[in-house]
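Examination of the molecular architecture
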Amino acid sequence: MANKIILVTGPQAGVGKTTLAANLAAGYARIRRQPVLLVDADFLCRGELAQVCGAPASPSLMDLLEHLASQKVALPMLRGRVPTNRLNIGTLPLAAQPRDAARLTAEHLKFFLEGFSELYDLVVDMEMDHPLKSAVLDLADAVVWTFLPNALSVKSTLQHLEALQNQKYSFHKFLFALNQAGLPNTLPAQAVSQALGRFQRDIHIELPYEAELGRLLNQGQPAILERNISGYYAGALHLLERLPRYQREASMGNRSPSNGSRNASVPAGPSTVLTALQGQIADTLVEERLKRWNSFKQRLHRDLVEELNIRRIDLDTKGDPARERQLRTNVESTVNGLITKEKDTVLPREERERLVKELVDETLGLGPLEELLADPAITEIMVNRFDQVYIERKGKITLSDKRFIDNNHVVQVIRRIISPLGRRIDESVPMVDARLKDGSRVNAIIPPLAVQGPSLTIRRFPEKALSPEDLVRTQSITATMVEFLKVCVLIKKNIVISGGTGTGKTTVLNMLSGYIPNDERIVTVEDTAELRMQQDHVVRLEARPANIEGQGQVSIRDLVKNCLRMRPDRIVVGECRGGEALDMLQAMNTGHDGSLTTIHANNPRDAFTRLETLCLMAGMDLPVWALREQIRSAVHIVVQLARLQDGSRKVVCITEVTGRDDQSILTQDLFRFVQDRVDDQGRVIGHYEAAGNVPKFFPELKTKGLRLDASVFESQNGKGNAA
């Protein structure tokens, strides 16, 4: 009989998959009378699986990989290098340390699974959020999905299965094991089965809670070998009997063929739309569980606040990281104490940890947003209403599983953000702009202006400003275009960066400002400070809204006027959106060359039209020809950005201002992005090309001691750098 690869997984930590994996491995080893290798795919490298089954110390997968590379031996030569225990089980962790595990790739893992499956039966213990899960899913002969009978675990299961279905995985090899079935205050198995009906699947095994399991775990003794553990023993044995029927599909593993055809033995994939009855059952169960959870959490939060007040714990850390860590530790200890006092509520370890984290985040941070803010891949958080939170990741907007308790909860978080900044939000001032400690830009608006309820938008920026090399690597711009813009900054050409919302204007502005020589005095003017200047000689100015009495407002225009008296060599305005555009143009025309700013517009022509409109907002009764003359003489280069349909951000055009006629400002394109097509994955395929125009100021480069090859501006008949 061919060796098998069994994946044991689940929707989250704490559902019992490690215990089940150890039991299945022990049973498999006894039935098949050969060693079974347990692959512990824990990225934190805690070694829990070896402890559960009492396996001896073993080299890690990374150790074996390095041994193969150094000794240049074939993988079958590794037979026997993984020691087994008295049950004929060996464990193979990913690595000894998390930093080493992070070096593993899907190709590494796939190579080892395929090779070791020639030597052993394999049982892989892996969470479904694991970054290397696809390698195991493709090879597994069977997938044992274990989860708990509570709304959170069921909802997470449905979300994961939906994602797998969208990735063209079928579920004919999936076995669903409901752990801790029949406990009080949990969902009945019938309700869980109805929820799984969405994917035409059912619960295969119900594993009851057994108090004796704890003693066996401490002894490294799997319950499947103990007949007196009747319920769990019977369930695990029944599950084990179903596994050998599954055979690995040639080449395709678990996934449906990419051409859309289906194997005759694989049932057609179910629709992603629940029937009305199933939808009502699943949604009602989840909503009721969430209501009970939120009610319990609110009560604990009130007790926590009261306890902190009694103990007179100061929640103001003054921005000191050490005090913040100590305060978090104290609050976590207090929360655990309060949960322990709840004699009538027993929480599984995973739910308890989640509750502690949520309460600490609620007390010291921004509640449901804390986990999103901790994810560096998320660039935008959009709260439409209390139960609808969208995020942007890699240019794509998706609905997250985070939610607030109610509208008041959202308002509390908004006030927690703006209060340290001396700002307020209420019915008389229903809109506010602010920023977080990490520099993230915040906009909030509440009823009566926000009809659906309080709305919050957080624009996040990378911890480290993107370098020109980063933008070239992501194909947002070419190295040639970067070099040209660098020269423009060095010879003090005034540059306007144009683009729509979220196209990366601030990122490009930060990049260009990095080329300003360090011996020049720079004054920045922003509505909300978010620029990251790398020079030392910088003065940062930030606009201020009116106070409660409607007094004390300082606008961007006021700051632009003021900075002219501060002897700046360069003026950088974060964004022109009002009458300050006229003052900016005048500054560019009166000895402050090399200034930078951004503007909202869809193309360079629209950028000039918008500049004219903004100048008229200054209240000066200037004729249009005078405004156009100001723009012509002040603006030298327009860098146009766009976010394409696949979410990628690109510099789509670099345009030079060459003059004006009676009707408009004259320009010529220097570089541009040309879209060729959209591939099967929805990615935009195109190339950059020179437009064949040499800048009018090109002779200045030689007089200022700078060199740039004129050939970079030559058109190549549509051939350019692929993107």
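The following refers to the structure shown.

Reading the values: the criteria
Residues numbered from 1 in each chain as written. Predicted model: local features only at pLDDT ≥ 70, side-chain atom pairs only at ≥ 80, totals over all residues. Heavy atoms only, no water. Buried < 20%, exposed > 50% of the residue type's maximum accessible area, 1.4 Å probe, protein only. Helix = DSSP H or I, 4+ residues; strand = E, 2+ residues; numbered from the N terminus. Pairing = 2+ DSSP bridges. Right-handed = clockwise from strand over helix to strand, strands pointing away. Axes fitted to C-alpha atoms, helices over the stretch in contact; angles between N-to-C directions. Contact = heavy atoms within 4.5 Å. Polar contact = N/O pair within 3.5 Å; in protein donor to acceptor, adjacent residues only side chain to side chain.

Our next topic: the pairing of strand β2 (residues 36–40). Summarising burial for β2: five of the five residues are buried, a large majority. Of the two faces of β2, the one carrying Val-36, Leu-38 and Asp-40 and the one carrying Leu-37 and Val-39 are both buried. Where β2 and strand β3 (residues 89–93) come together, five bridges link them in parallel fashion. By the bridge assignment, Val-39 is partnered in β3 with Leu-92. Of the pairings in the sheet, the one linking β2 to strand β4 (residues 121–125) comprises five bridges and is parallel in character. Note on β4: the bridge partner recorded for Leu-37 is Leu-122.

Our next topic: the pairing of strand β5 (residues 142–147). For β5, a buried count of six out of six residues is recorded, marking the element as mostly surrounded by other parts of the structure. By the alternation rule, side chains of β5 split into Ala-142, Val-144 and Thr-146 and Val-143, Trp-145 and Phe-147, which are all buried. In this sheet, β5 lies alongside strand β1 (residues 5–9) in parallel orientation, the contact comprising four bridges. Within β5, the residue paired with Ile-6 across the bridge is Ala-142. Bridge count between β5 and strand β6 (residues 174–181): five bridges; the pairing is parallel. Paired with Phe-147 across the bridge in β6 is Leu-178. Traced from β5 through helix α7 (residues 151–166) to β6, the parallel crossover comes out right-handed.

Let's shift gears to the sheet that holds β6. As a general point, the strands of a sheet are linked pairwise by backbone hydrogen bonds and lie either parallel or antiparallel. The sheet built from seven strands is open, its strands ordered β3-β2-β4-β1-β5-β6-β7 with parallel pairing. The open sheet is flanked by β3 and β7 (205–208), the only strands paired with a single partner. Between one strand axis and the next, the sheet turns through 20 degrees on average, direction left out of account. Of the strand pairs in this sheet, β6 and β7 are connected by four bridges, and their pairing is parallel. The residue of β7 that forms the bridge with Ala-177 is Ile-205. Across the sheet, helix α1 (residues 17–32) touches β1, β2, β3, β4, β5, β6 and β7, and the angle it forms with β4 is around 175 degrees. Contacts from helix α8 (residues 189–196) reach β5, β6 and β7 within the one sheet, and its direction differs from that of β6 by about 150 degrees.

Now for the side chain of Gln-535. For Gln-535, the position within the fold is in the loop between β15 (522–526) and β16 (538–542). Polar contacts involving the side chain of Gln-535 include one to the main-chain carbonyl oxygen of Ser-513, which spans 2.7 Å. Excluding anything up to four places from it in sequence, Gln-535 contacts Ser-513, Gly-514, Ile-516, Pro-517, Asn-518 and Ile-522.

So, on to the side chain of Asp-583. Positionally, Asp-583 belongs in helix α20 (residues 580–588). One polar contact links Asp-583 to Arg-557, side chain to side chain, over a distance of 2.6 Å. The contact partners of Asp-583, leaving out residues within four places of it in the chain, are Arg-557, Val-560 and Lys-561.

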